[in-house]
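Each chain, written out:
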Amino acid sequence: MAERMKWIEVIMPQLAESLVSATIGKWLKKPGDRVEQYEPICEVITDKVNAEIPSTVDGIMGDLLVEEGTTIAVGEAICRMQVAASDEEAAEQVTQVSQQQEQVQQHASHTPVAASNTAGHDPNQPMRNRYSPAVQSLAAEHGLNLQSIQGTGAGGRITRKDVLTFVAQGGNAAGSSAQASSLAAQHAPSASPFSGVNRGNGEMGLTAGEAISASDAGVPVRHSGIHLTESPKIPQIEVEGGGQGRSEYFIDVTPVRNAIARNMRQSVSEIPHAWTMIEVDVTNLVMLRNKLKDEFKRKEGINLTYLSFMMKGVVNAIKDYPIMNSVWAVDKIIVKRDINLSMAVGTEDSVLTPVIKHADQRNIAGLAREVDELARKTREGTLKLDHMQGGTFTVNNTGSFGSILSQPIINYPQAAILTFESIVKKPVVINDMIAVRSMANLCLSLDHRILDGVISGRFLQRVKENLEGYTMETKVY
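So, here's what we can say about the structure. (Residues numbered from 1 in each chain as written. Predicted model: local features only at pLDDT ≥ 70, side-chain atom pairs only at ≥ 80, totals over all residues. Heavy atoms only, no water.)

The next point concerns the overall build of the chain. Check the secondary structure of the chain and you find 12 helices and 21 strands. Residues counted as buried form 44% of the 477 residues belonging to the chain. A fraction of 67% describes how many contacts in the chain between residues 6 or more apart in sequence connect residues 24 or more apart. If you sum the accessible surface of the chain, you get close to 23,900 Å²; carbon and sulfur atoms cover 51% of it. (Helix = DSSP H or I, 4+ residues; strand = E, 2+ residues; numbered from the N terminus. Buried < 20%, exposed > 50% of the residue type's maximum accessible area, 1.4 Å probe, protein only. Contact = heavy atoms within 4.5 Å. Areas by Shrake-Rupley, 256 points an atom, 1.4 Å probe, with all protein chains shown as cover.)

As structure tokens, this is what we get:
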């Protein structure tokens, strides 16, 4: 007997709590392609990182509802997929749809709110069908149907602890299937973390319009699991008129570049920027690094960069001046207890700011490892959203490409950003004598709503003291 099929709509998942939309960068599957569970179906671009949206079901790709380069809100449909449906499930769907239509007709004039709630969504558990990647992985590992597990999280959401408790109590795939059938009447018909819309077909005896109207009463299910992809491609260059007799050409604005433009505009529009600079004698730092770098390379397998020393100096200065680690909140200033350093990393066509969490708890070697790992992941395009969130203060090693002076734009909504410029040997007067010293500039852009010249100057002076305080005996571990 031929396998019965049903249609589901795949929605744009909420990749992070702060993200409300994403841009379809590239479709990885075409209509008619076979799609396996967890196989990426498209690339999306957000303000944070590029990501691949994985399929959580086996099926066949249907219509692509959103074109490449289009920005779409979280929860909206991006494509349709055809998945297998058993005879029992198909019959159950027909019965449920008929019951829902009958209920709507009977109660529409009396209790319209109650009628909408009977369409498969529990208003007391709005998060019931939102699953984290950890929960999905555990469910796949143990062969569980998540609809059979009672969620104890906010809004009825199923947590990792709920799954582990269910497994410890003897839950299995067979038990999940049996319990799932009893819960089907309380929740949406599809157990997929995508929003399931039963697109009627001839075998089920439903028209497309009937299936859509019956499913519209449900609430879309959001899925937060993602897999990341490679670095953004270099923008396509379009030369007008074949390049003959033309004095200009056009470059496509990629979604990443558009997000950067939007964020930079927001920063300079909302934050009153002020700027200051201080010169630092890093001669001792240069000598210390030269002494340690070869041994560190052999031991750790990574380079011991100046940036890790600079970060340590910044972190210690923030401890003395915690107001630098704050955010403007209109009627109050929020000072962050955790010191999470955002590190600006440039690629061919973008700049990202991955975050070193709890930087104040790391020594110089630990910071060096984090710098190397995050820079590598940024250029390889393997950053996760967690790497991009929670930053409280940004540093940028602009000296790596020879800059000696810069005026950075603050990483909104932080209070300041500090750049470490190129180290240059200069003649310096010391005790009325001229000496050749290794000098570097530190440039600070600050939010003048939060910070003033006095506190910013003292902060920079403390960073200067920390960097000039390195000696040949300083330990990196």
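Don't stop here, the text continues.
Turning our eyes to something else, we now look at the environment of Ala-365. Structurally, the position occupied by Ala-365 is in helix H10 (residues 364-380). Residue classification places Ala-365 among the buried residues on the basis of a relative accessible area of 0%. Remark: the alpha-carbon pair of Ala-365 and Phe-296, spanning 69 residues in sequence, is separated by 8.6 Å. Setting aside residues up to four positions removed in sequence, Ala-365 forms contacts with Phe-296, Val-476 and Tyr-477.

This paragraph deals with the packing of aromatic side chains. Per the counting criterion, the structure on display carries three aromatic pairs. In this structure, Arg-289 packs its charged tip against the face of Tyr-306, placed 4.5 Å from the ring centre. Taking NZ or CZ as reference, Lys-299 lies 4.4 Å from the ring centre of Tyr-477, over its face. (Phe/Tyr/Trp six-rings, centres within 6.5 Å; stacked < 30°, edge-to-face > 60°. Lys NZ or Arg CZ within 6 Å of the ring centre and 35° of its normal.)

Moving on, we get to the side chain of Ser-403. Checked against the element boundaries, Ser-403 lands in the loop between strand S18 (393-396) and strand S19 (416-420). The exposure class of Ser-403 is buried, given its relative accessible area of 14%. Looking at Ser-403, its side chain comes within polar contact range of the side chain of Glu-421, at 2.6 Å. Apart from the residues lying within four places of it in its own chain, the contact partners of Ser-403 are Thr-398, Glu-421 and Ser-422. (Polar contact = N/O pair within 3.5 Å; in protein donor to acceptor, adjacent residues only side chain to side chain.)

Moving on, we get to the sheet that holds strand S3 (residues 34-35). Pairing in this open sheet of four strands is antiparallel, and the strands run S1-S8-S6-S3 from one edge to the other. Sheet topology places strand S1 (5-11) and S3 at the edges, where each strand pairs with a single neighbour. Sheet analysis places strand S6 (residues 59-64) next to strand S8 (residues 77-84), joined by three bridges and oriented antiparallel. Paired with Ile-60 across the bridge in S8 is Gln-82. (Pairing = 2+ DSSP bridges.)

Of all hydrophobic cores here, the largest spans 78 residues; its most connected members are Ile-78, Phe-393, Leu-442 and Phe-459. If near-sequence neighbours (up to four positions away) are discounted, Ile-78 is found in contact with Val-10, Ile-11, Met-12, Ile-24, Trp-27, Cys-42, Leu-64, Leu-65, Val-66 and Ile-72. Residues Val-135, Leu-138, Ala-139 and Phe-166 belong to the second largest nonpolar core, which totals nine residues. (Core = buried A, V, L, I, M, F, W, Y, C linked by side-chain atoms within 4.5 Å.)

Attention now goes to the pairing of S18. Residues Phe-393 and Val-395 of S18 are buried on one face, and the alternating residues Thr-394 and Asn-396, pointing to the opposite face, are buried as well. Both strand S14 (residues 341-343) and S18 contribute to a ladder of three bridges, which runs parallel. Residue Ser-342 lies in a different strand from S18, and its bridge partner there is Thr-394. Two strands pair when backbone bridges link them, and S18 and S19 are joined in this way by three bridges, in the parallel orientation. Each bridged residue has a counterpart across the sheet, and for Asn-396 the counterpart in S19 is Thr-419.

Helix length check: H10, at 17 residues, gives a terminal C-alpha distance of 24 Å against a target of 24 Å (1.5 Å per residue), a fit within 8%. Buried residues of H10: Ile-364, Ala-365, Gly-366, Leu-367, Ala-368, Glu-370, Val-371, Leu-374, Ala-375, Lys-377 and Thr-378, and no others. The N-terminus of H10 is capped by Asn-363, whose side-chain oxygen sits 3.3 Å from the backbone nitrogen of Ala-365. (Expected span 1.5 Å × (residues − 1).)

Further remarks concern the sheet that holds strand S5 (residues 50-54). Taken in spatial order, the four strands line up as S5-S4-S2-S7 in an open sheet, and their pairing is antiparallel. Edge positions in the open sheet fall to S5 and strand S7 (71-73), since each of these has one partner strand only. Here the average twist between neighbouring strands, direction ignored, is 45 degrees. (Axes fitted to C-alpha atoms, helices over the stretch in contact; angles between N-to-C directions.)

Only a minority of non-glycine residues have a phi that is not negative, and only a minority of peptide bonds are not trans. For the bond from Tyr-412 to Pro-413, the omega torsion is 5 degrees, close enough to zero to count as cis. Structurally, Pro-413 can be placed in the loop between S18 and S19. Despite not being glycine, His-358 shows a phi value in the positive range, around 50 degrees. In this fold, His-358 is placed in the loop between strand S17 (355-356) and H10. The phi dihedral of Asp-432 is positive, around 65 degrees, even though this residue is not glycine. Mapped onto the fold, Asp-432 is located in the loop between strand S20 (424-430) and strand S21 (433-447).

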